[in-house]
Amino acid sequence: MSRSEARRKRWRGEKIAPYLFVAPFIVLFLVFGAYPLVKSVILSFYITNGPSDPVFVGAENYRFLLTDPNFWKAVRNTAVYAFWSLALQIPLGLGLAILLNSSWVRGRNFLRLAFFSPNLVGQVFVGVLFSVLFVPQYGLVNKALHATIGTPLDTRWLAEPHLVMPALVMTSLWMYVGFQMVYFLAGLQSVDKELYEAARIDGANNWQQFLNVTLPSIRHVLVFVVLVSTIGSFQLFELPWVMLGRGPGPDSAGLTIIMYLYLNGYVAGDLGYASAVGWTLALGLLVISLIQLRMSGVWGGRRAG
Amino acid sequence: MILQALRLVGWLLLVLIAIVTFVPMIWLLAASLKAPEDLFSYTFFSPNPSMKNFYDLFTQVEFLRYVMNSVFVACTAVVLQLFFSSLAGYALAKYEFKGKYVLTLFMLSTMLIPGQVTLAPAYELIYRFGWVDTYWALLVPSAVNVFGIFLFRQAIMSVPTELIHSARVDGCSEFQIYWQIVMPTVRPMVGAFVLIAFMGQWNSFLWPQIILHSSERFTLPIALTQMVGIYQQQYGMLMAGTLLSVLPVMVLFLFLQREFVAGLTSGAVKG
């Protein structure tokens, strides 16, 4: 075999290799990604009973969905959860990150690990743990709140409809505030130190520095965290499912959109209807994400102008 | 003086929040170690610790089987995902080929669609394949992880192209370059990805819950939620089971935390 022949062979390898390397992805994606995606659109116009015998019903699934009070209850619950989760987690996560980013803090790495650690625990395990922590009389949450702010010891967090959502929001705060903090911290560490120097020379105080240097510099991280957290919050399922004893809880106070999808699709067995719920959620999330991106763009634009 | 006092307050606040963060986990450990009759007698640790809960866990319930199931599924999934994601990530980072741009865009857009949308048809497909109640249904669809492909694409882009060229001149095959040159260079990303992929499988609930029907195949999240319904009176045993379910990820995290935080945030900050 001549040298040029060997080189040609190698060159051919370089041409073919990338196709071989992405082939497993493409095959698996076509089968388990693209096909189900297309199929779910079609399926959402059918009523099915288990995986067989679909009956075409047109837009009936969507019409029923939009008039089902249970669906709207799920939407309202999920939106309330998402709102309170973000309203508490974003400022607290940012505050923790700013404190941790100060040069005088000792044990920064340990603290960062500590805040992040609940993120490692799956929602199911958190759910099992917190369903016991929220028990009346003996539960740790009631003991702690009774000792500090004097709420009654026998508060039935997971049995009173109006207390279910606060319990879920508290739990999610414990779980996710470290996740936001890690991102904010990474953002803060990449802010150009000279900007603060310049702001100080211009006579800006700490608050002004925060508004005019810190916030604009971490804007991309902020937008990213808000988007990811919103999408994550709207997919809430496992936490309430487990905490409320594998169900929507008292008066369906813990019914979320995905729980509604699961109950209708897999417990009641209508995969067509479940697809319609899924696509409604996907479209809703798309609209919310676009609105958030738009708002953050306007905010950024005004600052630059 | 005032500044130092303020800093002290700030630091104490951080420590306080860190303690609050740890308290549920410490309580979990304490509850697991209590004799069943002591569970509600002491807020945290009881003066006479007991291994009864762990004993019950392995004798009354087939807990060891669920642990082994979870270990098998998570480890196999991690190996598959690591191999296929890094291979595709390498191709996207270091080769020019037809359709690369379209493929990249296509993959990005699939990341934006929530997974629950395809749940129903994916289940139908698994049913047709005869994979209901098998681990094939958990392992094969998850073998390629789009998020992982992008993590590796990003990490491999920073591998010097000269390194790859010189290996090629030295007669390495394309796969050898990937295996012997590229992968050792992006070791930190391998660490980060192993943890992310392991966590994803270990904590996964909805899909396995839909797929797995026989209790001898249950993974830990499914088994534990079933136990909650059946052994409601044995809180201690449930807590011991939760503790053992949480521990493996925690240990893995302690080993891989540096790589993990770097890998997790690299995409968001540069973007």
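None of the values given here were measured: they were computed from a predicted structure.

Caption draft 1: Structural view of the overall build of chain A. Tallying secondary structure elements over chain A gives 13 helices and two strands in all. The C-alpha radius of gyration computed for chain A amounts to 25 Å, which surpasses the reference 19 Å derived for 305 residues by more than 25%, pointing to a less compact arrangement than a globule. C-alpha atoms of chain A, sized along the principal axes, occupy 70 × 65 × 45 Å. Looking at chain A residue by residue over its 305 residues, the buried ones come to 50%. Across chain A, every contact between residues at least 6 apart in sequence was considered, and the portion connecting residues at least 24 apart equals 65%. Summed over all atoms, the accessible surface of chain A reaches about 14400 Å², with 65% contributed by carbon and sulfur. When the 23 positive and 14 negative side-chain charges of chain A are each reduced to one mean point, those points stand 11 Å apart.

Caption draft 2: Examining a nonpolar patch on the surface more closely. Residue and element names in this part refer to chain A. A grouping of Val 80, Phe 83, Trp 84 and Leu 88 is seen on the molecular surface, where their side chains present a nonpolar patch of about 390 Å² in accessible area. Along the polypeptide, Val 80 turns up in helix H3 (residues 69-101). According to the relative accessible area criterion, Val 80 is partly exposed, its value standing at 33%.

Caption draft 3: Here's a closer look at the pattern of salt bridges. Per the stated rule, a full pass over the model turns up twelve salt bridges over all chains. A salt bridge links Glu174(B) to Arg168(B), with the nearest nitrogen and oxygen atoms 3.0 Å apart. For the residue pair Glu174(B) and Arg168(B), the accessibility class agrees, reading buried in each case. Through salt bridges that share partners, Glu14(A), Arg168(B) and Glu174(B) make up one connected network.

Caption draft 4: A look at the packing of aromatic side chains. All chains considered together, the criterion is met by 43 aromatic pairs over all chains. Here the aromatic rings of Phe32(A) and Trp131(B) are separated by 6.3 Å at their centres, their planes lie at 20 degrees, and the arrangement is stacked. With Phe32(A) in helix H1 (residues 3-43) and Trp131(B) in the loop between helix H5 (119-129) and helix H6 (136-139), this residue pair bridges two chains. Given the relative accessible area of 13%, Phe32(A) is considered buried. Here Phe71(A) and Trp72(A) contribute two aromatic rings whose centre-to-centre distance is 5.5 Å and whose plane-to-plane angle is 70 degrees, an arrangement assigned as edge-to-face. Residue class for Phe71(A) comes out buried when judged on its relative accessible area of 4%.

Caption draft 5: Highlighting unusual backbone geometry. Residues and elements named next belong to chain A. Even without being a glycine, Gln 137 presents a positive backbone phi close to 70 degrees. Secondary-structure assignment places Gln 137 in the loop between helix H5 (123-133) and helix H6 (140-149). Phi at Asp 251 is positive, roughly 55 degrees, even though this residue is not glycine. If you trace the backbone, Asp 251 turns up in the loop between helix H11 (238-243) and helix H12 (257-267). For Asp 251, a relative accessible area of 56% gives the class exposed.

Caption draft 6: Structural context of the environment of Val132(B). Residues and elements named next belong to chain B. With respect to the element layout, Val 132 can be found in the loop between H5 and H6. Placed 54 residues apart in sequence, Val 132 and Val 78 show a C-alpha to C-alpha distance of 21 Å. Residues within four places of Val 132 in sequence aside, it is in contact with Tyr 123, Ile 126, Tyr 127, Ile 211 and His 213.

Caption draft 7: Highlighting the interface of chain A and chain B. Chain A puts 78 residues into the contact, and the matching count from chain B is 87 residues. Summing both sides of the interface, chain A and chain B together bury roughly 7800 Å²; the carbon and sulfur share of this comes to 81%. The largest per-residue losses of area from chain A upon contact with chain B belong to Phe21(A), Leu120(A) and Phe125(A), which jointly make up 11% of the total buried on that side. Remark: the boundary between chain A and chain B carries two salt bridges.

Caption draft 8: Structural detail: the environment of Trp174(A). Among the secondary structure elements, Trp174(A) is positioned in helix H7 (residues 161-189). Residue classification places Trp174(A) among the buried residues on the basis of a relative accessible area of 10%. Considered as a pair, Trp174(A) and Ser117(A) are 57 residues apart in the sequence and their alpha carbons are 9.9 Å apart. Those residues in contact with Trp174(A) that sit more than four places away from it in its chain are Pro118(A), Val126(A), Phe130(A), Val20(B), Thr21(B), Pro24(B) and Met25(B).

Caption draft 9: Molecular detail of the domain arrangement of chain B. Residues and elements named next belong to chain B. What the domain assignment reports for chain B is domain 1 (1-50) and domain 2 (61-270). Just the C-alpha atoms count here: the centres of domain 1 and domain 2 sit 33 Å apart. Summing both sides of the interface, domain 1 and domain 2 together bury roughly 620 Å²; the carbon and sulfur share of this comes to 89%. Counting the surface domain 1 buries against domain 2, the share from its top three residues, Met 25, Leu 28 and Ser 32, is 58%. Summed over the shared surface of domain 1 and domain 2, the number is zero salt bridges. Viewed at the interface, domain 2 and domain 1 are joined by one residue pair in polar contact (both at pLDDT 80 or more). Each residue belonging to the side of domain 1 that touches domain 2 can be placed in one class, and the counts come to seven nonpolar, one polar and no charged.

Caption draft 10: Structural detail: the domain arrangement of chain A. All names here are of chain A. Domain boundaries assigned for chain A yield domain 1 (3-61) and domain 2 (68-304). Between the C-alpha centres of domain 1 and domain 2 the distance comes to 34 Å. Both sides together, the interface formed by domain 1 and domain 2 hides about 760 Å², and carbon and sulfur atoms give 57% of it. One can count zero salt bridges joining domain 1 with domain 2. If you list the elements that add at least two residues to the side of domain 1 that touches domain 2, you get H1 and strand E1 (46-49). Residues that form the side of domain 1 that touches domain 2 fall into these classes: six nonpolar, six polar and no charged.

Caption draft 11: Structural view of the side chain of Asn119(A). Turning to its location among the elements, Asn119(A) is positioned in the loop between helix H4 (108-116) and H5. Here the side chain of Asn119(A) touches Met175(A) through a polar contact of 3.2 Å, landing on its backbone oxygen. Look past the residues within four positions of Asn119(A) in its chain and what remains in contact with it is Met175(A), Tyr176(A), Gly178(A), Phe179(A) and Met199(B).

Criteria and cut-off values
Residues numbered from 1 in each chain as written. Chains lettered and ligands numbered in written order. Predicted model: local features only at pLDDT ≥ 70, side-chain atom pairs only at ≥ 80, totals over all residues. Heavy atoms only, no water. Helix = DSSP H or I, 4+ residues; strand = E, 2+ residues; numbered from the N terminus. Rg over C-alpha atoms; globule rule 2.2 N^0.38 Å. Buried < 20%, exposed > 50% of the residue type's maximum accessible area, 1.4 Å probe, protein only. Contact = heavy atoms within 4.5 Å. Areas by Shrake-Rupley, 256 points an atom, 1.4 Å probe, with all protein chains shown as cover. Lys, Arg positive; Asp, Glu negative; His and termini not counted. Charge placed at Lys NZ, Arg CZ, Asp CG, Glu CD. Patch = residues over 30% accessible without salt bridge, like charges linked within 9 Å, V, L, I, M, F, W, Y side chains within 5 Å. Salt bridge = Lys/Arg side-chain N within 4 Å of Asp/Glu carboxyl O. Phe/Tyr/Trp six-rings, centres within 6.5 Å; stacked < 30°, edge-to-face > 60°. Buried area = accessible area lost by both parts, 1.4 Å probe. Domains from an automatic or database assignment. Polar contact = N/O pair within 3.5 Å; in protein donor to acceptor, adjacent residues only side chain to side chain. Nonpolar A, V, L, I, M, F, W, Y, C, P; charged D, E, K, R; others polar.

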